[in-house]
Each structure stands twice: as C-alpha cells, then as structure tokens.
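# Fold and contact review
Chain residues, written in single-letter form:
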Amino acid sequence: MPKGAKPGERWGGRPKGALNHLTQSVKQAIEIVAEGLGGAERMLAWVQADKANERLFWSQIYPKLLPKEIKAEHHGPNGEALRFGVLAVPVLTDEWEGVAAKLQQAQTKIHDKKQ
C-alpha cells in the first residue's frame, strides 16, 4: 500500500495562514504594551499633537492595515482581460491646496487650447 499524501492532500503540520508560536507571543506582548501606554486614545492624541506625527501615521502605520496587493480582472469589449491595480495614498489636505490650484490652472489651459 502506498504511503504519503495524495496530490492536493495535507497531512498534519500547521494550518495554512496560522501564525507560529513566537509570532503570536510577540504580537500579544506588543498589544499588552500598547494598551498599557494608553491604547487607541493615546495614539490618536499623538497623531493630533503634530503634523509630522500625522504624516508618519498615514505613511508608516496605516498602510500596514492595507492589503499588499490588489488584483482585479475585467474583460473589455473585445473579450480580453484588462488588468489594473489601485494605489490608495492618503494625503494631508493642507499640503495639497497649492497643488490643487495649479492642477486646476493646467486643466483650464488644456481646455482652452482644445477650443
């Protein structure tokens, strides 16, 4: 009688996606420390205290919650698959007010040239 798993079969081992014990322990320790330091309320106060902190939150902390890759597939009118990705980048509005005005001016110039 043959031994071993059949193709596609799994015998024993850690379930797919399960964290190892060290990773679980480290995450639990970090959660305990974070709660001891004030948890979400303290983090919110820190972010609101300084624009540099808010920039760090949006650029370094928040993206860790986002999926690393977003895949989508759509079939175009000719039946071929169209592949595209989406990049979401939160920005601070006060930094972009001047950029928005320049963009509007550029769009106006392009529109005027077409007419």
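The model shown is predicted, which means the values in this text are computed figures rather than measured ones.

### Regarding the overall build of the protein chain
When helices and strands are tallied, the protein chain shows 4 helices and 2 strands. Starting at the N terminus and ending at the C terminus, the protein chain contains elements arranged as α-α-α-β-β-α. Taking all 115 residues of the protein chain together, 5% fall into the buried category. Looking at the protein chain as shown, the accessible area adds up to about 11000 Å², and 60% of this sits on carbon and sulfur atoms.

### Brief notes about the side chain of N53
With respect to the helices, strands and loops of the structure, N53 is situated in helix α3 (residues 51-61). Leave out the neighbours within four places in its chain, and N53 touches W46 and V47.

### Re the confidence of the model for the protein chain
For the protein chain, mean pLDDT is 78; residues scoring 70 or higher make up 77% of the total. Here strand β2 (residues 81-84) stands out as the element of the protein chain with the lowest mean pLDDT, 66, in contrast to helix α2 (residues 39-49), whose mean of 93 is the highest.

### Here's the deal with the pattern of salt bridges
One pass over the full model with this rule turns up 1 salt bridge. K51 serves as the salt-bridge partner of E54, at 3.6 Å between the closest nitrogen and oxygen. Pair noted here: E54 and K51 are both in helix α3, with a separation of 3 residues, about one helical turn.

### Some words on the packing of aromatic side chains
Evaluated as defined, the whole model comprises 3 aromatic pairs. Seen from their ring centres, F57 and Y62 are 6.3 Å apart, and the 45° between their planes marks the pair as tilted. Taking 5.1 Å as the distance between ring centres and 70° as the angle between the ring planes, the aromatic pair formed by W58 and Y62 counts as edge-to-face. The class for W58 is partly exposed, based on a relative accessible area of 30%. Y62 sits in the partly exposed class, given a relative accessible area of 29%.

Reading guide: rules and limits
Residues numbered from 1 in each chain as written. Predicted model: local features only at pLDDT ≥ 70, side-chain atom pairs only at ≥ 80, totals over all residues. Heavy atoms only, no water. Helix = DSSP H or I, 4+ residues; strand = E, 2+ residues; numbered from the N terminus. Buried < 20%, exposed > 50% of the residue type's maximum accessible area, 1.4 Å probe, protein only. Areas by Shrake-Rupley, 256 points an atom, 1.4 Å probe, with all protein chains shown as cover. Contact = heavy atoms within 4.5 Å. pLDDT = per-residue confidence, 0-100. Salt bridge = Lys/Arg side-chain N within 4 Å of Asp/Glu carboxyl O. Phe/Tyr/Trp six-rings, centres within 6.5 Å; stacked < 30°, edge-to-face > 60°.

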